[in-house]
Amino acid sequence: AQKITQTQPGMFVQEKEAVTLDCTYDTSDPSYGLFWYKQPSSGEMIFLIYQGSYDQQNATEGRYSLNFQKARKSANLVISASQLGDSAMYFCAMTPWGYGQNFVFGPGTRLSVLP
Amino acid sequence: NAGVTQTPKFRILKIGQSMTLQCTQDMNHNYMYWYRQDPGMGLKLIYYSVGAGITDKGEVPNGYNVSRSTTEDFPLRLELAAPSQTSVYFCASSYSAGARGNEKLFFGSGTQLSVL
């Protein structure tokens, strides 16, 4: 069974600074995908970034990057140049390849961006 | 593009009542899912479907039922509602579960359900 741990219930960051949201995972599957989703106060789930377990390079999507350390089983999300609109809940999630039904989410980290 | 559409957005039920949460996707996705999100928590899988006519239980299926008669629709049925089912419910879909990069979940906007 997979498990996602997000040890930071809440984080604060000053506007325009970078912030790292931690995510560690546990799985016995050799092939898997890691995801980050953003949930603003309006409630919708917004896909941010994806990293495959065999990817050699860390994924990047605009101001989002994923610091993937496979040996440590960590997949931290880095947000550069934080904006007020980044204030939201952030969920780390994973699924093994070929088994979409095992899409597991972490408990989330609430990020607050301060002006 | 409509994507994943959930109805209703809000609902209040009395204990013991039943209701169906509707979910429709227009992306021709094979995989569909129902999650619940309790306050301050992550998402827990209730049921999922890998195609029309095929459904299976997730982590927290008790008190719920699903059906998948078409590729587009995946309704969630609550029988004999209980206060423990007060939650936000999300329907999601994905193209496949095997192709690398295609497992991304597309979510509906959620249904906030209160059982009083």
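Every value quoted in this text rests on a predicted model; they were computed, and no experiment measured them.

Asks: Help me understand the overall build of chain A in this model?
Replies: The helix and strand tally for chain A stands at zero helices and 12 strands. Listed by position from the N terminus, the elements making up chain A come as β-β-β-β-β-β-β-β-β-β-β-β. The C-alpha atoms of chain A give 14 Å as radius of gyration, which agrees with the globular expectation for 115 residues (13 Å, within 12%). Considering chain A as a whole, with its 115 residues, one finds that 51% of them fall into the buried category. Put simply, 56% of the contacts in chain A that link residues at least 6 apart link residues at least 24 apart. A total accessible area of about 5300 Å² is found for chain A, and carbon and sulfur atoms account for 49% of it.

Asks: Looking at this structure, I do not really get the packing of aromatic side chains. What am I missing?
Replies: By convention here, two paired aromatic rings are described through the distance between centres and the angle between planes. One pass over the structure, following the stated rule, counts 15 aromatic pairs over all chains. Aromatic pair Y37(A) and F47(A): ring centres 5.8 Å apart, planes at 70°, arrangement edge-to-face. You can see Y37(A) sitting in strand β5 (residues 32-39) and its partner F47(A) sitting in strand β6 (residues 46-52), a full 10 residues away along the chain. Residue class for Y37(A) comes out buried when judged on its relative accessible area of 0%. Taking relative accessible area as the criterion, F47(A) reaches 27% and is therefore assigned partly exposed. An aromatic cluster is built from F35(A), Y37(A), F47(A), Y50(A), F103(A), F105(A), Y31(B), Y33(B), Y35(B), F90(B) and F107(B), whose rings are joined through pairwise contacts.

Asks: Is there a simple way to explain the sheet that holds strand β3 (residues 19-25) of chain B in this structure?
Replies: Strand pairing in a sheet takes place through backbone hydrogen bonds and is either antiparallel or parallel in direction. Residues and elements named next belong to chain B. Strand order across the open sheet formed by four strands is β1-β3-β8-β7, with antiparallel pairing between neighbours. Among the strands making up the open sheet, the edge pair consists of β1 (4-7) and β7 (64-66). When the angles between neighbouring strand axes are averaged without regard to direction, this sheet yields 20°. The pairing of β3 with strand β8 (residues 76-78) spans three bridges and is classified as antiparallel.

Asks: What's the story with the side chain of Q85(B) in this structure? I'm lost.
Replies: Residue and element names in this part refer to chain B. As for its position among the elements, Q85 is in the loop between β8 and β9 (87-94). Residue class for Q85 comes out buried when judged on its relative accessible area of 4%. Setting aside residues up to four positions removed in sequence, Q85 forms contacts with R36, N62, G63, Y64, L78, E79, L80, L113 and V115.

Asks: Can you help me understand the interface of chain B and chain A in this one?
Replies: The parts lose accessible area when they come together, and the size of an interface is often stated as this lost area. Counting residues at the interface gives 20 residues for chain B, matched by 20 residues for chain A. Carbon and sulfur atoms supply 62% of the area buried between chain B and chain A, which totals about 1700 Å² over both sides. Remark: the boundary between chain B and chain A carries zero salt bridges. At the junction of chain B with chain A, the criterion picks out three residue pairs in polar contact (both at pLDDT 80 or more). At the level of secondary structure, the elements contributing two or more residues to the side of chain B that touches chain A comprise β4 (31-37) and β5 (43-51) of chain B. Residue composition of the side of chain B that touches chain A, grouped by class: 12 nonpolar, five polar and three charged.

Asks: How do you make sense of the nonpolar core when you look at a structure like this?
Replies: If you look at soluble globular proteins, the nonpolar side chains tend to sit buried side by side. Residues and elements named next belong to chain A. Grouped together as the largest cluster of nonpolar side chains are 25 residues, with contacts concentrated most on L21, Y25, W36, I49, L77, Y90 and L111. Secondary-structure elements contributing two or more residues to this core are β2 (10-14), β3 (19-21), β5, β6, β8 (64-69), β9 (74-79), β10 (88-96) and β12 (109-114). Broken down by element, this core gets its largest block of residues, four residues, from β10. Excluding residues that lie within four positions of it along the chain, Y90 makes contacts with Q6, L21, W36, Y37, K38, L48, L77, I79, G108, T109 and L111.

Asks: Help me out: how do you make sense of the environment of L114(A) in this one?
Replies: Residue and element names in this part refer to chain A. Within the secondary structure, L114 sits in strand β12. For the pair L114 and E15, spaced 99 residues apart in sequence, the C-alpha separation works out to 5.6 Å. For L114, the residues in contact, after removing those within four places along its chain, are F12, V13, Q14, E15 and L84.

Asks: Where do I start with the pattern of salt bridges in this structure?
Replies: Oppositely charged side chains may form a pair once their charged atoms are brought near each other. Residues and elements named next belong to chain B. One pass over the structure, following the stated rule, counts four salt bridges over all chains. For D38, the salt bridge goes to R36, with nearest N and O atoms at 2.8 Å. For R36, a relative accessible area of 10% translates into the label buried. Taking the shortest distance from any N to any O, the salt bridge between R77 and E79 comes out at 3.1 Å.

The rules we used
- Residues numbered from 1 in each chain as written.
- Chains lettered and ligands numbered in written order.
- Predicted model: local features only at pLDDT ≥ 70, side-chain atom pairs only at ≥ 80, totals over all residues.
- Heavy atoms only, no water.
- Helix = DSSP H or I, 4+ residues; strand = E, 2+ residues; numbered from the N terminus.
- Rg over C-alpha atoms; globule rule 2.2 N^0.38 Å.
- Buried < 20%, exposed > 50% of the residue type's maximum accessible area, 1.4 Å probe, protein only.
- Contact = heavy atoms within 4.5 Å.
- Areas by Shrake-Rupley, 256 points an atom, 1.4 Å probe, with all protein chains shown as cover.
- Phe/Tyr/Trp six-rings, centres within 6.5 Å; stacked < 30°, edge-to-face > 60°.
- Pairing = 2+ DSSP bridges.
- Axes fitted to C-alpha atoms, helices over the stretch in contact; angles between N-to-C directions.
- Buried area = accessible area lost by both parts, 1.4 Å probe.
- Salt bridge = Lys/Arg side-chain N within 4 Å of Asp/Glu carboxyl O.
- Polar contact = N/O pair within 3.5 Å; in protein donor to acceptor, adjacent residues only side chain to side chain.
- Nonpolar A, V, L, I, M, F, W, Y, C, P; charged D, E, K, R; others polar.
- Core = buried A, V, L, I, M, F, W, Y, C linked by side-chain atoms within 4.5 Å.

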